[in-house]
Amino acid sequence: MNIMNVDYSTKIPNNVNLSEDRQVLKALEGWHPGYIDWWNDMGPDGFQQSLVYLRTAYSVDPRGWAKFDYVKMPDYRWGILLAPQEENRVIPFGENYGEPAWQEVPGEHRAMLRRLIVIQGDTEPASVEQQRHLGKTAPSLYDLRNLFQVNVEEGRHLWAMVYLLQKYFGRDGREEADELLRRRSGDADSPRMLGAFNEATPDWLSFFMFTYFTDRDGKMQLHSLAQSGFDPLSRTCRFMLTEEAHHMFVGETGISRVVQRTCEAMKEAGITDPTDIAKVRALGVIDLPTIQKKLHLHYSLSLDLFGSEVSTNAANAFNAGIKGRYKETQIDDDHQLKNATYPVLRLKDGAIVQEEVPALSALNMRLRDDFVGDANAGVTRWNRVLERAGLQFRLRLPHVAFNRRIGEFAAIRADTDGRPMSGERWQADRETMLPSADDNRFIQSLMQPVHAPGGFASWIAPPRIGIDNKPGDFEYVKIEA
Ligand SMILES: [Fe+2]
Ligand SMILES: [Fe+2]
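Owing to the predicted nature of the structure, the values given are computational and were not obtained by experimental measurement. (Residues numbered from 1 in each chain as written. Chains lettered and ligands numbered in written order. Predicted model: local features only at pLDDT ≥ 70, side-chain atom pairs only at ≥ 80, totals over all residues. Heavy atoms only, no water.)

Novice: Teacher, can you tell me more about the coordination of the iron ion (ligand 2) here?
Specialist: Each pair of donors in an ideal octahedron of six around a metal sits at 90 or 180 degrees, and each pair in an ideal tetrahedron of four sits at 109.5 degrees. Protein coordination at the iron ion (ligand 2): the donors are E154 (OE), D215 (OD), E244 (OE) and H247 (ND1), at 1.9 to 2.2 Å from the metal. Counting residues between consecutive donors of the iron ion (ligand 2) along the chain gives the motif E-x60-D-x28-E-x2-H. The iron ion (ligand 1) is placed at 3.5 Å from the iron ion (ligand 2), the two being bridged by E154. With D215 in helix 5 (residues 204–226) and H247 in helix 6 (residues 231–269), this residue pair connects regions lying 32 residues apart in the sequence. The exposure class assigned to D215 is buried, which follows from its relative accessible area of 4%. (Donors = N, O, S within 2.8 Å, 3.2 Å for Na, K, Ca; no water. Helix = DSSP H or I, 4+ residues; strand = E, 2+ residues; numbered from the N terminus. Buried < 20%, exposed > 50% of the residue type's maximum accessible area, 1.4 Å probe, protein only.)

Here's what the structure looks like:
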């Protein structure tokens, strides 16, 4: 079969020749009903019978891989798609640097590999669960469609990880695949594996922040797994990254449109002081300081996903050739980090200091630094909206020590500039840095659904261009199908 094109003749669309891989096909078909049950129970609340203008992958050719059409979400063709195999690919880093990439799981790294695949897999359904109530308050049909696109693709990413587990990890792989459907975001007894994926996504500003920051953590993780010496994992992640770009687009443009609408409303009303919160809110838009607080929250939660700055697990995964660095093949060094060091921010006697540590143990820190750089690009673009509106206010990323629960700074309280502060000070100032109950109530009050084609809620500007170049009044979701 042609690897570029996806076989849609089978129940599970794929480009991995499933029809000739009876055992795996059977395992996946056995898993499928449980997945559909999960989707019905924990996927989008409502709209399951609506026709949604969604893209589906029909190829893995980067020049054109998606087809748009109206689909009912439960009928979405979740498939198994791997990027084409690169001929003569070698392991691009670690102790086995330069050796042929593995097509089977290397026995000595089996447990580590399985764990990384399970952790990645767990985040995919988690975000669908976190976002399941948002359909009810979508600010437009355009946004509703984008939410559902992200949701079905996270569902597909779960399939991608389950395929690897079932194909390469035998019985324990099948057990892990079942567990992925059993854990639930925020559940007291069986929560999702990572903290940020157990937090609520109560409103659309949170959704945009989540897709901007937390999906971007996903991007960084997928990039480092795309470097993996285990070739099927690398190929899986490479194709997932193609889809992931849209999720971050939704976040970046979403926040940009919120900022723009606030600026416009302030201008129309002649308000020049962004901190005049009551006046701004009276216009039915979200004031800029509250947007900044939401940013503080989601950014700090996302930083926790990178784990401890100094980590032997990360070093082991790199040495083993399992998980590389962001853009590993473009880095000009020995790809083994034999004598290299890397600067890490650490806590020493209550103060934050920079310290050189062996680069091998600082891989989480390095990936987090790459994330911060990547995340900053969008902040710069949001600030251009503010600049064009003639406002002095600027959004910014807080210091990495702010509001952390994992790593070096979990032990202290620090303000958004990274200045350590006492517990009492933190409690007293908390609501100036993170969304207060009152802020959340206000945002919640704005979350009224808009279902008229071309209509938008008061607090968000329309997008500059439609999905698939559709006109502004396009009916992205036919709610009454
Ligand atoms: Fe994903
Ligand atoms: Fe995503």
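So that's the structure; there's more coming.
Novice: So what exactly am I meant to see when it comes to the nonpolar core here?
Specialist: One recurring pattern in soluble globular proteins is that nonpolar side chains are buried together. F213 and W459 are the most contacted members of the largest nonpolar core, which totals 118 residues. If one sorts the elements of this core by residue count, helix 3 (residues 141–168) sits on top with 16 residues. Filtering out sequence-adjacent residues up to four positions away, W459 remains in contact with P139, W204, F208, V258, R261, G284, V285, I286, L446 and M447. Core analysis: the next-biggest nonpolar cluster, separate from the first, contains 13 residues, A314, Y342, V344 and V357 among them. (Core = buried A, V, L, I, M, F, W, Y, C linked by side-chain atoms within 4.5 Å. Contact = heavy atoms within 4.5 Å.)

Novice: Just to check I follow, could you spell out the packing of aromatic side chains for this structure?
Specialist: What describes a pair of aromatic rings is the distance from one ring centre to the other and the angle between the planes of the rings. Summed over all chains, the structure comprises 29 aromatic pairs. Note on Y76 and W78: the rings are 5.5 Å apart at their centroids and 65° apart in plane angle, and the pair reads as edge-to-face. Accessibility classification places Y76 together with W78 in one group, the buried group. Measuring from ring centre to ring centre gives 4.9 Å for Y212 and F213, while their planes differ by 90°; the resulting arrangement is edge-to-face. Comparing Y212 with F213 shows no difference in burial state: the two are buried. Aromatic ring contacts, followed pair by pair, group W31, Y35, W38, W39, Y76, W78 and W159 into a single cluster. One residue, K167, lies across the ring of Y168, its end atom 5.6 Å from the ring centre. Just above the ring of Y70 sits the side chain of K478; from NZ or CZ to the centre is 4.4 Å. (Phe/Tyr/Trp six-rings, centres within 6.5 Å; stacked < 30°, edge-to-face > 60°. Lys NZ or Arg CZ within 6 Å of the ring centre and 35° of its normal.)

Novice: Got a minute to help me understand helix 4 (residues 170–182) in this structure?
Specialist: Residues spaced three or four apart along an α-helix face the same direction, because each turn holds 3.6 residues. For helix 4, which comprises 13 residues, the first-to-last C-alpha distance of 19 Å matches the rise-based estimate of 18 Å (1.5 Å per residue) to within 8%. By the burial criterion, the buried members of helix 4 are G173, E176, A177, L180 and L181. Projected down its long axis, helix 4 shows its buried positions confined to an angular sector of 145°, all on one face. Where the residues of helix 4 are buried, they touch helix 1 (22–42), helix 2 (110–130) and helix 3. (Expected span 1.5 Å × (residues − 1). Arc of directions from axis to C-beta.)

Novice: Before we go on, may I ask you to explain the coordination of the iron ion (ligand 1) in this structure?
Specialist: Of the protein atoms, only E124 (OE), E154 (OE) and H157 (ND1) coordinate the iron ion (ligand 1), at distances of 2.1 to 2.2 Å. Each donor residue of the iron ion (ligand 1) belongs to the same chain, and together they define the spacing E-x29-E-x2-H.

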